[in-house]
Structure formats: C-alpha cells, structure tokens
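Results of the structural survey
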Amino acid sequence: MPQTISLPYNHYLPGLPQVARALLFAQAPAPAVLLAPPERVPLYTLGPFGRTVYLNPGLEAHGEKALFVFSYDEAMEAFPEDPSAWRLVLEVGQRYLRSELLDRLYRMGYLREEDFKVQGDVLELENLRLEFFGDELEALRVEGKPQTRWVLAAKPGKAETWTGRKIEHFPGPVFLDTPALAPAELWKLIEGRDRIAFGLGGPELGVMPMDWPSLPPYRARVSQLQADLQGWLEAGYAAVFFYRHPKSRDYLRRKLEGVSVRSAAQLEAHPGLLTFVPGPYEGAFLDPDRRTVYLTEPHLYAFGAGGARIKKVVGGDVQDVGALEPGDYLIHPEHGIGQFLGLEPREVLGAKRDYLILQYAGEGKLYLPVEQLPLLKRHPGTTDDPPRLSSLGKGEWKRAREKAQKDAEELAARLIVLHAKRAATPGRAFAPNPELDPLVEQNFPHTLTPDQEKALEETLRDLERPHPMDRLISGDVGFGKTEVALRAAWRVVAHGAQVAMLVPTTLLAEQHYQTFKSRLAGLPVRVAVLSRFTSDAEASALKKSLAEGKTDVVVGTHALLSPDLRFKDLGLLIVDEEHRFGVGQKERIRELREAVDTLYLSATPIPRTLYSALVGLRDMSSIQTPPPGRKPIQTYLAPYDPGLVREALMNELEREGKVFYVHDRVATIEARRRYLEALVPEVRIGVVHGQMPEGQIEEVMLAFAEGAFDVLLATTIIESGLDIPEANTIVIERADRLGLAALYQLRGRVGRRDKEAYAYLFHPPRLTEAAERRLSAIADLSDLGSGHLLAEKDMEIRGVGNILGPEQHGHIRAVSIEVYTELLAEAIAKLKGEVKEPERHVTLDLQVSARLTPEYVPSAEARSRYYGRLAESKSLAAVARVGKELRERYGEPPAEVENFLALTRLRLLAESKRVASITEDLTYLMVVFDHWPLDYDAKALRELTPRPELIQHPPGFRILKKGLKPEEYARVVSDLLYLVD
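Keep in mind that what you see is a predicted model, and the values were worked out from it rather than measured.

Procedures and definitions
- Starting afresh in each chain, residues are numbered from 1 along the sequence in its written order.
- Selection of residues for local features in this predicted model requires a pLDDT of at least 70, selection of side-chain atom pairs for listing and counting requires 80 or more, and totals for whole chains, interfaces and linings are taken over all residues.
- Heavy atoms throughout the structure, all of them, feed into the side-chain values; hydrogens and water do not.
- A pair of strands is considered paired only if DSSP assigns at least 2 bridges between the two.
- Segments assigned H or I by DSSP are reported as helices when at least four residues long, segments assigned E as strands when at least two residues long, and all are numbered from the N terminus.
- Lines fitted to C-alpha atoms define the axes here, with helix axes fitted over just the stretch in contact, and angles between the N-to-C directions of these axes take values from 0 to 180 degrees.
- Classification of residues uses two cut-offs on accessible area relative to the type maximum, computed with a 1.4 Å probe and protein chains only: under 20% is buried, over 50% is exposed, and between them is partly exposed.
- Every residue pair with non-hydrogen atoms within 4.5 Å of one another is taken to be in contact.
- A side-chain nitrogen of Lys or Arg and a carboxyl oxygen of Asp or Glu constitute a salt bridge if their distance falls within 4 Å.
- Two aromatic rings from Phe, Tyr or Trp, using only the six-membered ring of Trp, form a pair when their centres are within 6.5 Å; if the ring planes differ by under 30 degrees the pair is stacked, by over 60 it is edge-to-face, and anything between is tilted.
- In this scheme, Lys NZ or Arg CZ marks a charge over a ring once it lies within 6 Å of the ring centre and within 35 degrees of the ring normal.

1. Examining the sheet that holds strand 23 (residues 329-332)
What holds strands together in a sheet is hydrogen bonding between their backbones, with the strands either parallel or antiparallel. Read across the open sheet, the 5 strands follow the order 26-25-24-23-27; overall the sheet is antiparallel. Two strands bound the open sheet, and with one partner strand each, they are strand 26 (365-369) and strand 27 (377-379). Direction aside, the axes of adjacent strands within the sheet are offset by 45 degrees on average. Where strand 23 lies against strand 27, 3 bridges are found, and the strand directions are antiparallel. Pairing of Ile331 across the sheet is with Lys377, part of strand 27.

2. Details of the side chain of Thr853
By secondary structure assignment, the location of Thr853 is in the loop between strand 41 (843-845) and helix 24 (860-872). For Thr853, a relative accessible area of 3% puts it in the buried group. Residue contacts for Thr853: discarding those within four places in its chain leaves Arg863, Pro894, Glu896 and Val897.

3. Points about the pattern of salt bridges
Tallied over the entire structure, the rule returns 51 salt bridges. Among the salt bridges present, the one from Glu64 reaches Arg149, with a minimum N-O distance of 3.6 Å. Residue Glu64 is located in the loop between strand 3 (53-55) and strand 4 (67-71), and its partner Arg149 is located in strand 12 (residues 149-153); the two are separated by 85 residues in the primary sequence. Exposure remark for Arg149: the relative accessible area of 37% places this residue in the partly exposed category.

4. Quick notes on the packing of aromatic side chains
As enumerated under the stated definition, the model contains 24 aromatic pairs in all. Clustering of aromatic rings is evident, with ring pairs tying together Tyr54, Phe68, Phe70, Phe79 and Phe170. Looking at Arg958, its charged tip hangs above the ring of Tyr924, at a distance of 4.3 Å from the centre.

5. A closer look at unusual backbone geometry
Looking along the chain, the bond that leaves Thr945 and enters Pro946 is cis, with omega of -5 degrees. You can see Pro946 is positioned in the loop between helix 27 (938-942) and strand 44 (949-951). The peptide bond linking His953 to Pro954 adopts the cis configuration, its omega dihedral lying at -5 degrees. In this fold, Pro954 is placed in the loop between strand 44 and strand 45 (956-960). Despite not being glycine, Asn56 shows a phi value in the positive range, around 50 degrees.

Below, the structure is given as structure tokens:
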C-alpha cells in the first residue's frame, strides 16, 4: 500500500479514472461504504490494495468493521430494523440450546423437514451441516468444507416484513460512483454522513480537483506505452500495471524490452521499476506527489474515453415460455391473428378484472378478460417478420383456416399412402446380435439421455423389420443424433453390409470420420472418408475397395453421389441435413435409398405438437433433452465495446478455449482482422468468408479445429456444419442485422459440451424497435428448455420443406405452425378412423373482482408472465406452485389475487368434469355441462349449502346466489363439481 492519502470528505472530485477512485476508497478507515451502478460494483474488489471488501453483502456482513460496496439498487433493499434478530452467528466451540436454536431458525423463516433436518446431533440446512456434542457446536461444514465461523441469514422471502433500508445499517462515510444514477430517495437516507462524489448528481458538494492527471488511452499501441514507461522510470517514477489476464502480463513482459519489471500479488511501488499486479481496474493516472504512475489493462487497449458496459445479461436460467410481452402475436380461435398490446384494468358491474388488448388489422381492437388466455394460441412472429393481422368481422381468418384445413387433409392422405407403400416394399432385416451389439456401447463415455435411448430403440426396431427404413431423427445441435446413427451403422456392419454417411461439408465429413474411427477402434470395421481432401489416387482406391466390399463405412460429401461409385452391399444410408443438398443430389439420394434403409439426421428442432401429429405416419424420432451437464448459453447483449470484446476473447483464451468472431461484411473483414490483432495481440486469428475458394474455406476451418488459430473471424458461413468442442465463445458484431434463425444457428456453434458457453450479441448504440425485440427474443430464450418457441419460429422462417414439404409453407405462414399442426393431427386421426377428444375450453363468466393487482405485483412484465404461466397450467399442482412462488416473492396475496387463483383452479376442475360454462344471472350461478345424463352423488349434493338445483335444459345445475359473497362463488361451484363424476 502506498503512503496514506488524506481523504477530501464532502467534496466532488471531478475527472478521476476508476483506478484512482478505487485507490482512494481503499484508503478509507473502516467501516465505509461505496455505492455504484450494478455493472461497476465488481471493479471495486480491493484485494490488490490489501483491503478486505464486501460486494453487495447482506445480513451476514452486518456489524463487521470493513469496507462495503453496494449497487444503488442493493443499497435501497429492505433490511430489518433489528438485524441481530434475523441473523445467527454460528461458531465452533460455542453452546447452543437445542430448543432455542430450533425456535430461532423458525423465526428466521426456516421450517423443519422442509428447509432443514435434524438427525441425532446433526442439523443440515441446504449446504450447511452442523455437528453437535450435546449443546456444543463441535463441527461446522459449508459445502463439505470445514469452517470455524458462519453467519446464517434469514430465509429469502422474509423481506416483506422489513421496514428499514440496507444503506441505513452499514455506517461510515459514503463514496459515490456516478451519483447521477442514484435513486432520489437515497439522499435522505445518507443525510448527515460524510461523502465523496466521483461525479455530478445529488445534493451539491464543493469541487476539489485532485492533482492526478489522467492519461490518454493507448489504443493498443504497446510501442507508445514502452516509450512512456522508459521516460517515467528514468525520471525515478514507480509504475504499477494492473492486469486482468496472466496472458496479458506474459505478453507485455516479452514486448517491453529494456523496461525493468517484476510481479507482485498486491500493490507495490518501487522507483525505476514496473510492477505487474492482478486487478480489475480501469483507466490510468499519474500521482506526481508520490511519483507513481498507475496503469490498467483496459486502458492500454481502450479505443475511446468511455466504456459501454453490458446492457443485459441473460441465459443463466431457463426463461418462462409462458411470459407474455406487448408485441406478441396471439391467435383467437374465432377472430384470428392479433397483436397483444398490453393489459388494461376495467370495472364491469362492480367487478375489477384485467383485460388483454389485441390489435387487429385497421383500427380493430378486441378486449378479452385474462381468464380467456387459455383460448389463445401463440403465433411465433416478431415485429421484424410479422404475420398478417386478421380483420375483425370480415371472415378472412375463417377462409385462411379452411384452405389450410384442406391442404392438411391432402397432406395427411399423401402421408398415409406413402406409409402404406413403404410398409409393403420388401427390404432386408438386421436382427439383434447380442454378442456384437454391446461392443460399440462400451466405447461411449457418456450415458444416453432418455430421448436418445428412445430414438435408438425406434431406429434398431426399424432395422429389424423386413422393409426399408425411412426414419428422420431431429434434435438440436450436440444432442446426440450422431451416436444413434453410429450404433445403427454398427448393427448393419455386424451383418456384413456396408454403410454410407452423406454430409454437406468437408469439415463435417472429417469430424464424423474421426468420430466413427475412434468409436469403432478395436472392432473389425474399416472406416474411410471421401471428400475434397481425399487425393485422386486415394479416391480411386477407395472406390475399388467399396465395390469389392473391403470398406465397411464411408463418410463423405456429395462425392459419394458420383454415378461411378458402386457398393458391393449397401445396407444403410445416413443423410445429415438433407435440406442442404441440391435438387439433383436429392434425386440421386432417392435412387440410392429405394432398396436400402435410410436414416436422416436434422438439426431443425421439431415442435412437440408437430412431432406428435406426424408420429405413426412419418417415421420420426425427436431428441429434445440435452445431454447431462450441458448448460444454457450465457447471452450478453450490449452496444459494441472494444473493451468488452477484448474481455470476451481473453476470458476464453484463459481457459484454453477458442472463439468464433462474426463480422458479416466481406469487404472490411481484413481491416477487422488488423483491428483485432491490435486490440488482442495475444491471439492468433484465422479468416474465412464466402468469397474464398471452397477448398481454402475448408482448409482454414480444419486448421481452426486442429488448433492453428485461437479466433476464427468469419462471416455467417459458419452458421452450420461446425462442431468444435473447444470453441465456447461466439462474438457477433452486428447482431441487429441478422435474422432470428441465423442468430439461433450461430449461437448453436458454442455450448456443445459441459463447459459454460458465452454468446456476445453486439449492436449499435441505437436500435430499431424491431431489431431490439428480435435480439431480446434470442437472448431471453435459452436453447436448453424454452427453445421450443424458437424452433417454431425457425421453422416458419426457413420453411418446413425437409419435414412436411415446401408447398405447406404458405399455409403455415397464414395460420401459424401450431394451428396447421392441429389441423393436420385432426385430418390424420379422421383418416385413421380415430375419435379425437376435442380440446375443452370452459366459458367462465362470474362477476368477481379477480386479477393480479399492480399494488401486489408492481411490474407489468411480471404480471403478464404470471398470467401466462397460470393460463398454461394443466394441473392444480402447477397452480399451487405459482401461488407459492407469489407468496414467497410478494407476501400474502390480497383478496383479488386469491380470487384469481381460485378461478384458475375452478377452470381446471371444470375442464376435467366436461363443463361447458359457468355463468351467473341476477339470481343464480349456472353450471352447464356438455353432456346428459349427469352422474353425481345426490345425497352429498343435498347436504351442500347452498343446495344446488338440477336442471335438464341446458344440462347442469343452478345455485341460488342469495347470501353468497362474490369471493365465495369459486368455492361453492368447486364443492359442487367434486360431487359430479
């Protein structure tokens, strides 16, 4: 630590770089607090200055004599007026009376059996394990590691009972980073405390410029840094360089020839010497009084005065697919496609409800009570690629639906004929081989997912039948389609037949060849590859070997479709991504497949509804579950920032990984390469784009896969066909220019293994509404769970030619893939003579004030999300889970919220009992069923209060409203329905 600096309390210090602010804060006597915007909080880690600091602490740090850093939002969080009552300090060797300890845990919100368990002298609570000897705490373990002291805070969700604010309970002077972003109510809470402001904002303070001149950014000019350092060190100054990455330190040590350097874990300043210290800081300045210059890694590579920070970070958890947002497109069964504008509260006959506002073509608007949300279907359009809105009252939707229905019926008939024809064609059966089949399974280093097992079982069952197989296996990138294909290939080879695997790119051919070769090593199988990299002599020898039956498995590109290629006994053809082959090539595939089993692999995810509709007609297997250990891709959305680009690249290199960098302009891609070489000189960069010869493209990609480059700078030609496990970061420079399907495919280049993967979507500072919505869509949907909606959109954009046929595309655009799928499922069931159970929707119209009130759930976005989740709930347990979550997050619900939950439960119960409608008139509650006669417990009905009256026209019951309050309606009707079978 340098010599102590006197702190100028109650002043505004203009122009200080961040590293200078951190240095000043590190000089403050404890306790002291620094407040900053959330993205700047991590910059104030003070370990390099030898100080302990808590970042955004809670109850566990209260009372500690230390330095604290809070984001402005955290500082305003609720906090108990008596913090000691809501925290429990546990120390090994201390005595804790059992009854008092359990009572204390209960008061802090923890419930026995639900949150913690007591077994003898051991108490376990989440990752905490307490071992007692009598009343003495003998051992304390956190996540299995021994500790001597631990502070247990109250259970999350208790904050609604707290009336204080966090900043009030952490004393000491207050340092303010960017005070203009502080909430207005903060100033009253810190009134009377010493403060130092590092920016304008809040109550006015006297200005005190510090004699610490900032240094201009170096723009990656290491030679300029070297010259400046030599000048300072020769003048007797000490220099300190805070680096973020060890690779940066090692690189600079090599480049700064003639400069005396050393490394240290904490800040040291030695005249005439440059000291490298690890630290997260930004900016650079000169301290003339102490003859020290402070430099940072971001400053060396900065290209401007400011640093745009990440605007939005998402992808850690699977997002809610039921979330509704203004701008979504929804389909009403009678009125067609409308755009959701938002929620609006309305009072009708004294009952308050929330209504969905749907905009239709022209000026048409439809107001629907939120209870009717289950009637609506989602159209996966975006404002960038919108569907055509229906017109109210003109019959357009009805006509479009009728046309789509006719097409779906024709497609269903065609599929049934093809299915019957295929079942009648003689083929070859590959029976199970109990001795040989398990040999290939032993080489598999993972466990098959349930979907993989099902797909494999279905594929092998097809191979065992005496008819040609024609199966499509669909699944997202890296979900295990190749493993299923490989095991099917082994079954065929074990019977003495040959296997051909056709792939669209040379790199993919090389990758599949290596996979087959390594997995089949040690088995009597000869695997070969035929691609652009195969020499003429090797190709000629391979063709001869295939004709003589000496090669068992061949993996190749379209060269496999050559007319002069002959197989001695081709038993299985595997086609990867058929839609990427040309028309002529597809015809040749059809010729080949007529007499052989054919297995298609497709990375186009099939929506579940379409999959279930087609199963039994088209042989399909869908792999929906990711392999164990796969993590959602962390997606960062931000204006373009060179500092963040460097950080992204360096973070991936630090963990020995590789990076895709997408620059979608061929004309400027070389200039971008030179820019990146200056910004991140530590990396090796390869360049690939569509105007390069195809052979050169494949050579560069193969070199990248083999480790020749750290970064592949490319256009969007890397969108598909690449599987490079080490590449787990992708940077997309102008994500706003790309469509949703392209972004989805590009992001799929990373995150294919169990390593955390990152996607950085950069855009200009200002975005069109359409681009912003599209980027939010890709960011908000994790491809490991809620990718289902993206799959639908992806299919709408790219067509469904490789699954249904190109002529269906227009009808799907008109009515959405979900509605078309329903029509197709109905047509198939009708042709098969199956009676399909109609989807039930209950008309629920009771004059009850029922809604999620803004006072209870303040965020409109959160209210839409919960409405969506409740609408998609298919069981009472699902409604109970949402209710529990609301209580934990917002406290006990008011009457209107309870009423809405009760009506949701009533809807589900009514659907299960075949109820058509639940309405009311001036005198009665009316419960109408869709069938007669009714089966009910007459004796139990007579005991109900009020007593229901059976009516035959319409079939159902009526209940006298006299004496009932509106909030009792749901309970009374539920009591009735439980007695009807």
